[in-house]
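Working through the structure, step by step
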Amino acid sequence: MRRSTRSFTLLFLLVCSAAMADAPMTQQAVDYNQQVAPLLRKYCSACHNADDREGGLALDSYAALLKGGEHGAVVTAEHSDVSRLVRVLTGEDKPLMPPEGSDGPKQDEIALLARWIDEGAKGPQGAQPDPTILITPKFEPTAPVKEGVTAVAVSPQADVFALARYGTVELRSLKDDKLVRELAGHRGPVNAVAFSEDGKRLVAAAGEPGLFGEARLWNVKSGKLVKLFVGHRDALYAARLDPDGKLLATGGYDQLVKLWNVASGKELRTLSGHNGAVYDLAFHPQGKILASASGDRTVKLWSVADGKRLDTFGQSLMELYALTFSPDGRRLAAGGVDNRIRVWEISPTGEEGTNPLVYSRFAHEAPILRLVWSRDGRTLVSTGEDRMIKVWDAGAMRLRQTLKQQPDWASGVAFAPNERSVIVGRLDGGTANLTIALKEVGAEEVEPLSDVPIAMHYAGQPPLDKLPRVAESEPNSEFAAANQLSLPGVATGRIFGEGESTGDGDVDLYRVSAKAGEQWILETKAERMKSPLDTKIEVLHADGRPVERLLLRAVRDAEVTFRGINSDTLDCRTTNWEEMELNQLLYLSGEVVKLYRMPRGPDSGFQFYPGVGKRQTYFDTSARSHALFEPCYIVVPYPPGTELPDNGLPVFPVYFENDDESRQMLGSDSRLTFTAPSDGEYLVRVSDVRGAQGEDFRYELTVRRPQPDFKVKLTGQNPQVDAGSGKSFSVSVERIDNFNGPIRIDVEGLPPGFQASAPLVIEEGHLEAKGVISALPDAPAPTEENWAKTKVTATAMVAGQEVTHEIGTLGMVKLAEKPKLVVHLEAIDDSQNDQVDDATGFRRPPVVKIAPGTTVTCRLRVERNGFDDRIKFEVENLPHGVIVDNIGLSGVLIPEGETQRTIFLTAASWTPPTRREFFAVGQAAGNQSSLPAVLVVGE
């Protein structure tokens, strides 16, 4: 009875183990003539001999054994585990040998054959098979076969281009596409070709999977082989000559990068560190840095001089297939299986921390295969498994053109010398010379829309309680039966159709007239009237079509991760968060939010605007719950009808409709800003978002002109301020009817010996700013009369008009003795920290300057007057886009017994020029605040 394959294999391994355990330390090598050949004659040669080649295989001589049979090689030197000769004897390959009914070798005999193979499968007189020779079965094709093109390169001399195919490279004339010569003899598929900078030589990367990799260097003019480079243990996928042509870099499936001396052919060094196949390589134009792209999802930068790893880019989500440097070396682009092109800015040194990611663009609907940069640096071309070829404006990474879909993957691409076309090679063996656009194809570039409507003020509108009111008249659920509503005005009604049963989902329609560009605020009042109605407002064309508000073009995709969120949650974790920026809009299944604060590490999420309370939505979309793994997108808003070049991501239309007011301040009531796209009549539809109705489902619908304004609230009045120290206070704003601009807060009339941060500025779109009120060490005790003279005002430009509101006072501030802890926020330049303003007696604020996209330092220092514990700090009132960096999990701390710490401030690359006071607050000993310092961004 035949043993199962698994049982036989286990027994075989046990026998091998026992044999190894009993063998002496100096075990003699297995001899082919004395030990192997007799076994093959005994068990195999009856069917596998020169006269009767069962399965095309003869085993009666060493030479015949190495040739293999119809299934290919039966012996792989040094690898008994993959050798077919052993595997058919153990049953791991089919058919099991010898056939059933014939005697087979015993376990110790199979173990002997396996040991002979592992020792190198040496034959008579010590002859040994070349481990780089792969014997494969021969098949006669039934139809003509055209080998696929796997790579393309164009000579810098502009005379020929190279097409890589299986085992060969074709050199063809750029003038007429005629074959100039073939560079043959490559073993395995040629996966990459590249010319030297002078065009005189060409390198080709090839090899047999699982066995070896080879690179061949050719003389282009003569077609003669210059040098053969062999050293990889698996097939090569990349080979590049450095700009001087003196070094060769190779990378392959063995996860290694090797550098070679071209003149001698000797290996200089091996660069190890990738955990996946190396699919592409690129030399920096100056030749000092080498970049590698790998299946381990990383790009690595290497020092060519010493092989040191300079940096690793780990933003990719899946394997990387392609990369290329810009001609000036300032940027590096890479792409692969996650369909994105990422572009990094590369510093002259390439050292870690100096190479920021500047772009990440969703490029193809399938993995990216090739990337190539034009020599003038203006254009980047990508190809993908979606059979598409895309042309990008390399400066801003905007899609310029999508070429026609190819019959098969464009596995090779290179710019023609005039850079007005690209030469493409495909896996079906075909080629093409395709013209590319020199500027963006389609509509002229359209400016994106603002994320809030322009604040418009209409004078002469009656107070809300004086607006004309009209009662709903049923039936009004059909377009033709819509009630007329004059604007501005108020309609009162119920979501309850007469004669209809509860739950049928009544809707009420109102017909209104508006002129192009007019703004109207539509608002329902139901929950605030104790009605069970959960309203939804929609604006329709007169024929019932929804009025389109804008288009949201997705530019980056992600998904909700870690856990889902409800409609109140202020933050959310997403994938791809490292590639997003603050102030970008995020689309979550119909809801649009704005990114307020970046995740503070991998265990936190984005915080959405406004940064406090419930999240705010944009374009009058409504907050919703979102499930784990739900798709989401970074989006850019455009006017309706804009022709947007395809970037492989969806475009979402947004209509004039609202369920819950976007700031979630009206409960389940609705509010919507409608801007009429043209003169005409429109329909306003009111319904219950659940489709419910009832006799008590009452509501009011108000349609009025916007009256933009703001209300400011002061928090932290009546503080106790310690002599020589300070206490923080804050101002918050309620923004009314689309007013979104900055607001200046002034504090005047402070008593002698006191000062306050002024002016404070609540930034555009923000709801809060923080300041500090400070007292001199020898400040006189203030009186109620002193503080009664203090005045706090808020001023802003609203719809083109300056508006000022009085907020009140800081209250009655009490002066206390010198505290146990005094906090100082200082510049690193000590000459700034002791300058005193003669008029006030206070230290002049030190100035810290920072450029967008950089990091600077300042110093936090404390005076300990009896407080010796550790102190945690918050740095307050930094401008949006500037953060305290490198703080670790515990935040900004000064440990027990220490008195100072350096803090790092980092400004995002988009941070606008600004000048702003900031300060530090110690979370101990009465929460003492420092005097302010001034941060200057980009001036």
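Residues numbered from 1 in each chain as written. Predicted model: local features only at pLDDT ≥ 70, side-chain atom pairs only at ≥ 80, totals over all residues. Heavy atoms only, no water.

Quick word on the overall build of the protein chain
- Along the protein chain, the regular secondary structure elements total 6 helices and 62 strands.
- C-alpha extents for the protein chain along the principal axes are approximately 115 × 80 × 65 Å.
- Of all 939 residues assigned to the protein chain, the portion counted as buried reaches 52%.
- Of all intrachain contacts in the protein chain linking residues separated by at least 6 positions in sequence, the fraction that spans at least 24 positions is 61%.
- Roughly 43100 Å² of accessible area belongs to the protein chain as shown, and the carbon and sulfur atoms make up 48% of that amount.
- Charged side chains of the protein chain number 104 positive and 128 negative; the gap between the two group centres comes to 5 Å. (Helix = DSSP H or I, 4+ residues; strand = E, 2+ residues; numbered from the N terminus. Buried < 20%, exposed > 50% of the residue type's maximum accessible area, 1.4 Å probe, protein only. Contact = heavy atoms within 4.5 Å. Areas by Shrake-Rupley, 256 points an atom, 1.4 Å probe, with all protein chains shown as cover. Lys, Arg positive; Asp, Glu negative; His and termini not counted. Charge placed at Lys NZ, Arg CZ, Asp CG, Glu CD.)

Notes on the pairing of strand β35 (residues 585-588)
- On β35, burial covers both faces: Leu585 and Tyr587 on one face and Leu586 and Leu588 on the other are all buried.
- Between β35 and strand β36 (residues 591-597), which follow one another and run antiparallel, lie 2 residues, and Ser589 among them has a positive phi close to 45°.
- As defined by bridge partners, β35 adjoins strand β38 (residues 631-638) across 3 bridges and the pair is classed as antiparallel. Pairing of Tyr587 across the sheet is with Tyr633, part of β38. (Pairing = 2+ DSSP bridges.)

What to know about the layout of surface pockets
- A volume near 1100 Å³ is recorded for the second largest pocket.
- Residue lining of the second largest pocket: 40 residues in total, with Glu197, Thr324, Val372, Trp373 and Arg375 positioned closest to the centre.
- Looking at the lining of the second largest pocket, the elements with two or more residues in it are β1 (151-154), β4 (192-195), β8 (236-241), β12 (278-283), β16 (320-325), β20 (368-373) and β24 (410-415).
- Across the lining of the second largest pocket, the residue classes tally to 27 nonpolar, 6 polar and 7 charged. (1 Å grid on protein atoms, 1.4 Å probe; cavity = no way out; pocket = protein on both sides within 12 Å on 5 of 7 lines; lining within 4 Å. Points joined across faces, edges and corners; volume = space filled by probe spheres on them. Nonpolar A, V, L, I, M, F, W, Y, C, P; charged D, E, K, R; others polar.)

Regarding the pattern of salt bridges
- Under the definition given, this model contains 36 salt bridges.
- Across the salt bridge formed by Arg165 and Glu170, the nearest N and O atoms sit 2.8 Å from each other.
- Note that Arg615 and Glu591 form a salt bridge whose closest N and O atoms lie 2.6 Å from each other. Here the residue Arg615 occupies a position in the loop between β37 (606-608) and β38, and Glu591 occupies one in strand β36, the gap between them amounting to 24 residues. Each member of the pair, Arg615 as well as Glu591, is classed as buried. (Salt bridge = Lys/Arg side-chain N within 4 Å of Asp/Glu carboxyl O.)

Structural notes on the sheet that holds strand β14 (residues 299-303)
- Spatial strand order, β12-β13-β14-β15: 4 strands in an open sheet with antiparallel pairing. Single-partner strands in this sheet number two, and they are β12 and β15 (309-313). Ignoring which end each strand starts from, the neighbouring axes of this sheet average 20° apart.
- Inspection of the sheet shows β12 paired to strand β13 (residues 289-294) by 5 bridges, in the antiparallel sense. By the bridge assignment for β13, Val278 is matched with Ser294. (Axes fitted to C-alpha atoms, helices over the stretch in contact; angles between N-to-C directions.)

Focus on a negative patch on the surface
- There is a patch of like negative charges on the surface, built from Asp51, Asp52, Glu54, Asp60 and Glu70.
- Residue position: Asp51 is located in the loop between α2 (32-43) and α3 (62-67). (Patch = residues over 30% accessible without salt bridge, like charges linked within 9 Å, V, L, I, M, F, W, Y side chains within 5 Å.)

What to know about the state of the cysteines
- With the rule as written, the count across this model stands at 0 disulfides.
- Lacking any disulfide linkage, Cys44 is separated from the closest cysteine sulfur, that of Cys47, by 8.9 Å.
- What makes Cys44 buried here is its relative accessible area of 13%.
- No disulfide involves Cys632; its sulfur sits 6.4 Å from the nearest other cysteine sulfur, which is in Cys572. (Disulfide = S-S within 2.5 Å.)

Side note on the environment of Glu734
- Structurally, Glu734 can be placed in strand β46 (residues 726-736).
- Glu734 gets classed as partly exposed once you look at its relative accessible area, which sits at 33%.
- For the pair Glu734 and His766, spaced 32 residues apart in sequence, the C-alpha to C-alpha distance is 9.8 Å.
- For Glu734, the residues in contact, after removing those within four places along its chain, are Met665, Asp709, Phe710 and Lys711.

Focus on unusual backbone geometry
- A cis amide bond links Tyr609 with the next residue in sequence, Pro610, at an omega value of 10°.
- By the secondary structure assignment, Pro610 is in the loop between β37 and β38.
- Backbone geometry places Ala925, a non-glycine residue, at a positive phi of 55°.
- Summarising the element assignment, Ala925 is placed in the loop between β61 (914-922) and β62 (933-937).
- Owing to a relative accessible area of 29%, Ala925 belongs among the partly exposed residues under this scheme.

Quick look at the side chain of Glu472
- Structurally, the position occupied by Glu472 is in the loop between β27 (469-471) and β28 (483-484).
- Arg494 provides the closest opposite charge to the buried, salt-bridge-free Glu472, at an N-O distance of 5.8 Å.
- Polar side-chain contacts of Glu472 include one of 2.9 Å to the backbone nitrogen of Arg494. (Polar contact = N/O pair within 3.5 Å; in protein donor to acceptor, adjacent residues only side chain to side chain.)

Focus: the nonpolar core
- Grouped together as the largest cluster of nonpolar side chains are 30 residues, with contacts concentrated most on Phe710, Val712, Ile743 and Ile745.
- Secondary-structure elements contributing two or more residues to this core are β44 (709-715), β46, β47 (743-748), β48 (754-756), β49 (760-762), β50 (768-775), β51 (791-798) and β52 (801-808).
- Excluding its chain neighbours within four sequence positions, the residues that come into contact with Ile743 are Phe710, Val712, Val733, Arg735, Leu760, Val761, Ile762, Ala794, Thr795 and Ala796. (Core = buried A, V, L, I, M, F, W, Y, C linked by side-chain atoms within 4.5 Å.)

As for helix α5 (residues 107-118)
- Helix length check: α5, at 12 residues, gives a terminal C-alpha distance of 16 Å against a target of 16 Å (1.5 Å per residue), a fit within 8%.
- Within α5, 9 of the 12 residues are buried, which leaves the element mostly enclosed by the surrounding structure.
- Buried within α5 are the following residues: Gln107, Glu109, Ile110, Ala111, Leu112, Leu113, Ala114, Trp116 and Ile117.
- Just downstream of α5 lies Gly120, where phi reads positive at about 115°. (Expected span 1.5 Å × (residues − 1).)

Focus on the packing of α2 against α5
- Direction vectors running N to C along α2 and α5 enclose 130°, while the axes themselves pass 11 Å from each other. Comparing their axes, α5 and α2 come out oblique. The element α2 and its partner α5 pack so that their crossing is left-handed. For the pair α2 and α5, the contacting residues are Tyr32, Gln35, Val36, Leu39, Lys42 and Tyr43 in the first and Glu109, Leu112, Leu113 and Trp116 in the second.
- Grouping the amino acids of the contact of α2 with α5 by side-chain chemistry returns 7 nonpolar, 1 polar and 2 charged. (Parallel < 35°, antiparallel > 145°, perpendicular 65-115°, else oblique. Left-handed = near helix turned anticlockwise from the far one by under 90°.)

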